[in-house]
Every structure is written in C-alpha cells, then in structure tokens.
Amino acid sequence: MQLLLGKEISTKLKTQIKDKVNQTFGEKPVYLAIAFFGDNSSSKTYVSLKKKYGEDVWINVEIFGQSDDQETKDPVLKLYKNETYDTSAKMIELIHYLNYDSKCIWIIVQLPLPEKFMADKEKILATISPAKDVDGLAGVVNWLSEIWLIDFVPATPRAVFVLLDSYGLGNLKWKSVAVIGQSNLVGKPLIMEAIKRWASVMSFNEFADSKLVQETCKKSDYIFSCTGQVHLVNQNFISENKNQIIVDVGYGHKDGKAVGDVDFDSVSDKVAHITPVPGWVGPITVACIFDNIFVLQNYKKVLSKSV
C-alpha cells in the first residue's frame, strides 16, 4: 500500500504560483475577494488558510461579511467591507461591485451559506462574473469546460488529479471509476474530469442503494468519495485483489480527530494506493484555488463572450 501525500506537491505549486503572480501582476494592487457570510467553524478555518496562502504568494485577500482588521485605503472598498450583509439583495450588490472593480481579480463565495440565504443560493452564485469565478460555482466555466472549450476544473477536483498525476496514476483511459457524491463543487466536476480522461464512470448520490454502491465500488479501479459522511467507505466497498486506488475527499471529525469518508484503518491494507485524511486534500486544494486564477486569465476572451 502506498500513501498519496500532498505536502511536497503543494510546496512545489506554491513556488510556481509565486512566479506567475510576479510575471502577471507585478506591482499592480490586485486582490482576491472572499464573501464569507455566517459563522461556520470549518469555513472560518478554510478562509484563514486562503488568506494566509495569499500572503505567501503575494496576492492580497479581502474578506467581506466578517470583521476584518486589515487596513483598507480604498474608501468604496472599505464601505463594502464594513457593510452588514443580512439580505440576499445586499450580497448580490456586493458581487456586482466586485465584478466591476478592476482591482478585484477573482471572487469566491464561501459555502455553506447561512440557512436564511439558501433559497437564493443559485441566484447569488450566478451573479459572479465567469471571468472571476475561480470556484466555478456560477456554472458557466464548468459548462464551457464540459464541452471542451476551456480546460478548467474547480480547485478540489483539480487537486485530485494533480495528486494522481504527480504519482503517475492520472491516466484513466479504460479504467473504471466510482464517484460517491454529486455536489456541484466537487462530485460533478470530478465525474466530468474523469470522463474527459476517458474513464468509465459510475456516480452515486445520497439516494443510491447502498448495496449497489458497495458492489460497484468493489469492481472499480478507482474510488473517489466526497460526501463528508464520516467513515462511509469501509471494507465492504473494497475488492479482494488489492489493486484499487482510493481518493478520500471527505472531511469530518470522530472522537476528536479529523477523519474522512474512508475508514482508513479498515481498508488501507486492502488497496494499492490511498490518501490519508488529513494529509493531502487541504494543501493542494488551496494551491489549486490560486492557480485557477491563471487558468481563467488565459481564457479571458472566451469568458467575456459567454456573458
């Protein structure tokens, strides 16, 4: 069994991103905007990681919807940062401002949104300009990628394939892949990227028959699990030939410890390659968020015609 680890890969990506920032923006006062509403503890941690990473690669990260002690000289930007975002209309107004602010290079709406905004979630996300939609949540960039007009993969699914490619495991041609989870942010883009790599894909959502999921996974070369359901995948999902590749994209806590979708202890000695949680997805995903800035930069002309 080989562990698929992310630290060395993310370190290499960070060096590359620094070079791209210097070459693309130089001394221009640009920033990445994160609209973060609510008080989800996991989101707070993730936003702080993005902000710290931005500092490390010389991209300013401005956070909206939270108290922020960062000094902001632009009076209009300061006004929006100090606003109380208690309605969907105010959130959409913020995104419109960020869309048209030339210093704002890309926009992230941190999910999950508070419950009171969930009814307007798709409307809020659809407001993001495709040219600044670094997560792909507005839908346009993912759709253009699905029909092969651009080569864009949202950060977490992209991290999966950056990891696999780094270990020489990214060639999925004639391989069978099981994807558990069909979220817009992770599951669906994972499915599409696997298809674009010529894999045979079976995907499952929360309503799938558990026996069917288990039997399909047993027959699959790759299992990607991205549900957030702690220890969903156990030995009942694994074949006896010990040649499967398991990528755990889930994250949760059990007995005070960070764990993933996969019950690592029960399956790790039954597979060829597996990702530990924590230890792989976080560092590479944050790196891929920032690297996707430059992916979109390369498609500005195409994206400007899509709106």
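Residue indices begin from 1 for each chain and proceed along its sequence in written order. Thresholds applied to this predicted model are a pLDDT of at least 70 for local features of residues and 80 or more for the giving and counting of side-chain atom pairs; totals over whole chains, interfaces and linings are not thresholded and use all residues. To obtain the side-chain values, all non-hydrogen atoms of the structure were included, while hydrogens and water were left out.

## Brief notes about the side chain of Gln 214
Part 1 of the argument: Tracing the backbone shows Gln 214 in helix H9 (residues 210–218).
Part 2 of the argument: Classification of residues uses two cut-offs on accessible area relative to the type maximum, computed with a 1.4 Å probe and protein chains only: under 20% is buried, over 50% is exposed, and between them is partly exposed. For Gln 214, a relative accessible area of 15% corresponds to the buried category.
Part 3 of the argument: Setting aside residues up to four positions removed in sequence, Gln 214 forms contacts with Asn 236 and Phe 237. By definition, any uninterrupted DSSP run of H or I lasting at least four residues is a helix, any uninterrupted run of E lasting at least two residues is a strand, and each is numbered from the N terminus. The contact definition used throughout considers only heavy atoms, calling two residues in contact when any of these lie within 4.5 Å.

## Structural notes on the nonpolar core
Part 1 of the argument: Val 160, Leu 164, Phe 224, Trp 280, Ile 284, Phe 290 and Ile 293 are the most contacted members of the largest nonpolar core, which totals 60 residues.
Part 2 of the argument: Examining the composition of this core, we find that 11 residues originate from one element, helix H11 (residues 281–297), more than from any other.
Part 3 of the argument: Residues contacting Ile 284, with those up to four places away along its chain left out, are Gly 6, Ile 9, Ser 10, Leu 13, Ala 159, Val 162 and Leu 163. What we call a nonpolar core is a set of buried Ala, Val, Leu, Ile, Met, Phe, Trp, Tyr and Cys residues that are connected through their side-chain atoms within 4.5 Å.

## Considerations on the packing of aromatic side chains
Part 1 of the argument: In summary, the pairing rule links any two rings of Phe, Tyr or Trp, Trp by its six-membered ring, whose centres are within 6.5 Å, and it sorts them by plane angle into stacked for under 30 degrees, edge-to-face for over 60 and tilted for everything else. Going through the model one piece at a time under the given rule, you end up with nine aromatic pairs.
Part 2 of the argument: Between the aromatic rings of Phe 25 and Phe 294, the centroid separation amounts to 5.9 Å while the plane-to-plane angle is 40 degrees, which identifies the pairing as tilted. Highlighted residues: Phe 25 in the loop between helix H1 (7–24) and strand E2 (31–35) and Phe 294 in helix H11, separated in sequence by 269 residues.
Part 3 of the argument: Classification of Phe 25 by relative accessible area gives buried; the value is 9%.
Part 4 of the argument: The class of Phe 294 is buried, set by a relative accessible area of 7%.

## Regarding the sheet that holds strand E8 (residues 245–248)
Part 1 of the argument: The rule for pairing is simple: two strands pair if DSSP sees at least two bridges between them. Spatial strand order, E1-E11-E8-E7-E5-E6: six strands in an open sheet with parallel pairing. Looking along the sheet, the strands with just one partner apiece sit at the ends: strand E1 (2–3) and strand E6 (200–204).
Part 2 of the argument: Angular values range over 0 to 180 degrees, each being the angle between N-to-C directions of two axes fitted as lines to C-alpha atoms, with helices fitted over their stretch in contact. Taken strand by strand, helix H7 (residues 155–166) contacts strand E7 (222–225) and E8, and its axis lies near 145 degrees from that of E7.
Part 3 of the argument: The strands touched by H9 within the sheet are strand E5 (176–180), E6 and E7, with E6 carrying the most contacts at an inclination of about 155 degrees.

## Section: the layout of surface pockets
Part 1 of the argument: Both cavities and pockets are sets of points on a 1 Å grid over the protein atoms alone; in a cavity a 1.4 Å probe fits but cannot get out, in a pocket the set is open with protein on both sides within 12 Å along at least five of seven lines, and lining residues sit with an atom within 4 Å of a point. Grid points are joined across faces, edges and corners, and a volume is the space filled by probe spheres set on the points. Of the pockets and cavities examined, the largest pocket occupies roughly 1,400 Å³.
Part 2 of the argument: In terms of lining, the largest pocket is formed by 47 residues, of which the most central are Tyr 46, Thr 156, Leu 185, Val 249 and Tyr 251.
Part 3 of the argument: Of all the elements in the fold, those that place two or more residues in the lining of the largest pocket are helix H2 (41–56), strand E4 (104–109), helix H5 (121–126), H7 and H11.
Part 4 of the argument: Of the residues belonging to the lining of the largest pocket, the class tally is 25 nonpolar, 18 polar and four charged.
Part 5 of the argument: If you add up the space inside the second largest pocket, you get close to 290 Å³.
Part 6 of the argument: In terms of lining, the second largest pocket is formed by 13 residues, of which the most central are Ile 180, Asn 205, Glu 206, Gln 229 and Leu 232.
Part 7 of the argument: Class assignment of the residues belonging to the lining of the second largest pocket gives a composition of six nonpolar, six polar and one charged. For this classification, the nonpolar set comprises Ala, Val, Leu, Ile, Met, Phe, Trp, Tyr, Cys and Pro, the charged set comprises Asp, Glu, Lys and Arg, and every other residue, Gly included, is treated as polar.

## Points about the pairing of E8
Part 1 of the argument: Burial along E8 is two-sided: the residues Ile 245 and Val 247 and Ile 246 and Asp 248 are all buried.
Part 2 of the argument: Bridge count for E7 against E8 is four bridges, and the pairing is parallel. Each bridged residue has a counterpart across the sheet, and for Ile 223 the counterpart in E8 is Ile 246.
Part 3 of the argument: Of the pairings in the sheet, the one linking E8 to strand E11 (residues 273–274) comprises two bridges and is parallel in character. Counterpart to Ile 246 in the pairing with E11 is Ile 274.

## Points about H1
Part 1 of the argument: Here, expected helix span is obtained from the residue count minus one, scaled by 1.5 Å. Spanning 18 residues, H1 covers 26 Å between terminal C-alpha atoms, matching the ideal 26 Å at 1.5 Å per step.
Part 2 of the argument: Listed as buried for H1 are Ile 9, Ser 10, Leu 13, Ile 17 and Val 21. Relative to the axis of H1, the buried residues are bounded by an arc of 105 degrees and lie together on one face. Counted as exposed and oriented over 90 degrees from the buried face of H1: Glu 8, Lys 12 and Gln 23.
Part 3 of the argument: The inward-facing, buried residues of H1 contact H2, H7 and H11.
Part 4 of the argument: Backbone geometry just downstream of H1 places Gly 26 in the positive-phi region, at approximately 55 degrees. To be clear, the arc concerns the directions from the helix axis to the C-beta atoms.

Read these as spatial facts, not as claims about activity.
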